[in-house]
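Listed below are the residues making up each chain.
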Amino acid sequence: MASTTISSLGMILWISTIILLVCLVYININAIMRGGQLPRNVVNNRFASLLEQSKTTAAKGATIATSSNSNGNSQTIEEMEAEIDTLKRTKAELDTELDTLRIGEMEEKIHSLNKKFEQWEGKFNSLYQSDTKPKQGDDSPPLLPPAGEKRQRSSSALPPAGEKKQRKVDSNDLTGLNILLLYADDWTHHTLSSYHQTKPLNTVLKTPILDALAADGIRFTHNCVTTSVCWISRATLYTGQYMSRHKTTKPCCWNGLPKTKGQLDYVPDNWSELSFYEILKANGYHVGHAGKWGIHLPFHKNIDFNVEDDGWHYRKIGKKLWHITEKNEADALRFLATRPKDKPFFLNVAFFATHAKDSDIRQYMPQESSMEWYKDDTIPIPPTATQEAWERMPYFFTDVNEGRTRWKVRYSNYTLHQTMMKNYYRMATEVDAACGAILEELRRQDALNNTVVIFTTDNGNFHSEHGLADKWYPHQESIRVPLIIHDPRMADSIKGTTNDEFTLNIDLAPTILRAAGIPIPDKMHGRDMSELYLSPDRTDWRKEFFYEHPIISTKNYVPASEALVRKDYKYMYWPNFKYEQLFDLNKDPGEMNDLFNSVNPEHKLQLDEMRKRFTELKHLVKSDELVTL
């Protein structure tokens with residue numbers, strides 16, 4: 001009896017186990033097919049990895065959206081992964097063809113691949129029913145208030161989360177013009193061969209594309225920056241304000257290093273309403289950026305196309321070894337190939353060249369295909385690249401000054417100077433060629449005649465003048481930079497001319513907005529430069545400007561500097577040492593002879609007058625007053 005009972009119990013247990021196993025198998029199969037039990041991060045990471053390999057904007061920015069409709073998918077996971085591998089191989093093949101295919105052929109293939117990725121995104125959503133939350137920062141940042149309405153000044157940072165302030169103008173006021181900004185790095189004003197057509201100091205350098213752009217547009221001979229360093233100058237570009245107003249003094253991604261966790265120690269409320277990227281996007285522009293940002297923005301970049309490259313000359317991406325200028329060019333062409341043709345665009349091609357790779361002893365590393373350029377040329381030595389010029393610098397310029405440290409690495413002897421400058425020129429000519437490819441694509445799309453093209457750079461560069469390398473200081477080599485504008489609104493009589501007025505980097509944002517037909521925000525300091533060639537008879541343009549630069553690290557490393565700059569005289573002030581200088585630029589363009597201690601009554605009067613005006617402009621820049629400078 002007992003054995004029968006045990007046998008019956010065993011049979012019941014055996015049958016129950018079979019039933020339980022069948023139920024578990026059914027539950028797991030159902031969970032896999034519906035996605036309910038798959039870890040969300042597994043799905044997201046797999047798809048994010050796939051998207052990361054894509055160079056298309058649509059794939060780059062895609063995230064898996066929530067879906068509750070299976071749409072009758074009957075494919076297995078293995079089948080889907082096999083097709084995804086095929087897509088990956090297809091994408092890799094497209095990358096390989098990038099250098100040889102015409103951009104028109106690339107455009108068709110990229111659009112086709114985008115559609116494929118969109119289909120697979122939908123399949124993943126329906127298969128896994130992922131409830132992925134949007135990534136932090138996907139919400140659009142606050143925009144500007146309606147046109148004509150002034151914001152009240154506030155000490156607060158950005159508006160509360162979720163509050164959106166739009167600055168939209170009447171569509172009838174918009175011009176529909178495309179805007180292309182070709183924005184190079186570390187080009188002084190004579191890093192253009194067209195400059196030497198009028199002042200033949202250097203007949204070696206070749207920038208034929210930019211020369212042709214100037215011949216069909218206008219070149220500004222006295223274009224300057226208000227702060228000569230990458231990140232501050234770029235913040236000024238984005239906001240149309242001096243450093244003292246936008247308060248952005250922290251760099252981003254120095255030498256390609258990872259971003260720090262924080263963005264800015266202080267987030268000025270000006271940024272929320274002054275970024276012209278945001279304003280253009282709010283008014284229907286397709287907005288893109290390819291290359292160097294240079295700073296941490298105090299909001300997430302709410303633009304349609306964003307590829308950020310900074311701090312490197314060579315990098316292996318996938319199976320290809322890229323040079324950064326080559327990459328900047330390819331990204332710009334990709335933007336133009338994939339942009340919607342039914343809306344105007346703005347694109348900033350922010351080249352990293354000719355910025356040195358400061359941590360590498362070679363400093364300037366051009367593409368291998370460029371090494372024959374300038375090989376047999378002799379690069380002229382600047383007249384002020386002398387020991388005497390170095391000794392005439394203020395007493396606090398010592399061997400620990402960073403400008404002198406970099407001079408030792410780049411220019412401390414003749415052979416080194418020749419090597420460095422030839423590589424610098426090669427990189428400049430590479431940027432010139434990249435500009436040519438981008439302009440040719442615009443021509444091929446029949447869009448060049450509807451596009452305002454601006455070429456300029458973030459700051460100048462010492463090429464051994466005054467015994468220095470790089471930038472920072474108020475000398476001409478550091479603060480004067482190239483500027484060329486090609487504008488379809490320009491009269492034929494203006495094309496091929498030069499303009500000698502003081503234009504500044506605070507003018508770039510206002511000029512770009514007005515080209516689009518958008519009013520200039522009250523808080524911007526700059527002016528619309530198109531008035532100089534659309535209304536060439538105007539006489540009320542600025543005749544001077546205030547220059548400022550903060551201390552970097554210590555006063556011995558890079559001391560703070562300020563200046564009042566005119567075409568005839570320049571007054572310099574070094575706040576950390578309370579040291580003043582005065583230069584007669586007409587008689588002393590190399591800024592070798594400091595007139596501060598001159599007993600000449602004319603010089604004393606000039607010094608007193610410029611001190612007073614310097615103080616007035618400095619107050620305006622650093623105050624909260626609404627002022628156009």
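Residues numbered from 1 in each chain as written. Predicted model: local features only at pLDDT ≥ 70, side-chain atom pairs only at ≥ 80, totals over all residues. Heavy atoms only, no water.

Even after reading the chapter, I still don't get unusual backbone geometry, so can you show me in this structure?
Excluding glycine, most residues fall at negative phi; most peptide bonds, likewise, are trans. Residue Ala353 is joined to Thr354 through a cis peptide bond whose omega torsion reads 15°. Within the secondary structure, Thr354 is located in the loop between β7 (345–350) and α13 (387–391). Phi at Trp472 takes a positive value of approximately 85°, unusual for a residue other than glycine. Positionally, Trp472 belongs in the loop between β10 (469–470) and α16 (476–479). When its relative accessible area of 4% is taken as the criterion, Trp472 is described as buried. One non-glycine residue, Lys578, adopts positive backbone phi at about 50°. Secondary-structure assignment places Lys578 in the loop between β15 (569–574) and β16 (579–584). (Helix = DSSP H or I, 4+ residues; strand = E, 2+ residues; numbered from the N terminus. Buried < 20%, exposed > 50% of the residue type's maximum accessible area, 1.4 Å probe, protein only.)

Just to check I follow, could you spell out the sheet that holds strand β13 (residues 545–549) for this structure?
Within a sheet, neighbouring strands are paired by backbone hydrogen bonds and run either parallel or antiparallel to one another. Pairing in this open sheet of 4 strands is antiparallel, and the strands run β13-β14-β15-β16 from one edge to the other. Either end of the sheet is taken by a strand with one partner, and the two such strands are β13 and β16. In this sheet, neighbouring strand axes are inclined to one another by 15° on average, regardless of whether the strands run parallel or antiparallel. When β13 meets strand β14 (residues 561–565), the two strands line up antiparallel, connected through 5 bridges. Pairing of Tyr547 across the sheet is with Ala563, part of β14. (Pairing = 2+ DSSP bridges. Axes fitted to C-alpha atoms, helices over the stretch in contact; angles between N-to-C directions.)

Sorry if this is basic, but what is going on with the nonpolar core here?
General note: in soluble globular proteins, nonpolar side chains tend to be found buried as a group. In terms of nonpolar packing, the biggest core is built from 83 residues, with Phe276, Leu280, Phe346, Ile485 and Phe545 touching the most fellow members. When residues no more than four places from it in sequence are discounted, the contact partners of Leu280 are Tyr285, Val287, Phe346, Ile512, Leu513, Ala516 and Ile518. (Core = buried A, V, L, I, M, F, W, Y, C linked by side-chain atoms within 4.5 Å. Contact = heavy atoms within 4.5 Å.)

I tried to follow the pairing of strand β1 (residues 178–184) on my own but got confused; where do I start?
The side chains of a regular strand alternate, first on one face of the sheet and then on the other. A large share of β1 lies buried, amounting to 7 of its 7 residues. Of the two faces of β1, the one holding Asn178, Leu180, Leu182 and Ala184 and the one holding Ile179, Leu181 and Tyr183 are both buried throughout. Two strands pair when backbone bridges link them, and β1 and strand β8 (residues 451–457) are joined in this way by 7 bridges, in the parallel orientation. Paired with Leu180 across the two strands is Val453, which belongs to β8.

Looking at this structure, I do not really get the packing of helix α14 (residues 402–411) against helix α15 (residues 414–444). What am I missing?
Each pair of packed helices gets described by two things: the angle between the helix axes and the distance between those axes. At their nearest, the axes of α14 and α15 sit 7 Å apart, and the two run at 90° to each other. By the angle class used here, α14 and α15 are roughly perpendicular. For the pair α14 and α15, the contacting residues are Lys408, Val409, Arg410 and Tyr411 in the first and Leu416, His417, Met420 and Met421 in the second. Looking at the contact of α14 with α15 residue by residue, the class counts come to 5 nonpolar, 1 polar and 2 charged. (Parallel < 35°, antiparallel > 145°, perpendicular 65-115°, else oblique. Nonpolar A, V, L, I, M, F, W, Y, C, P; charged D, E, K, R; others polar.)

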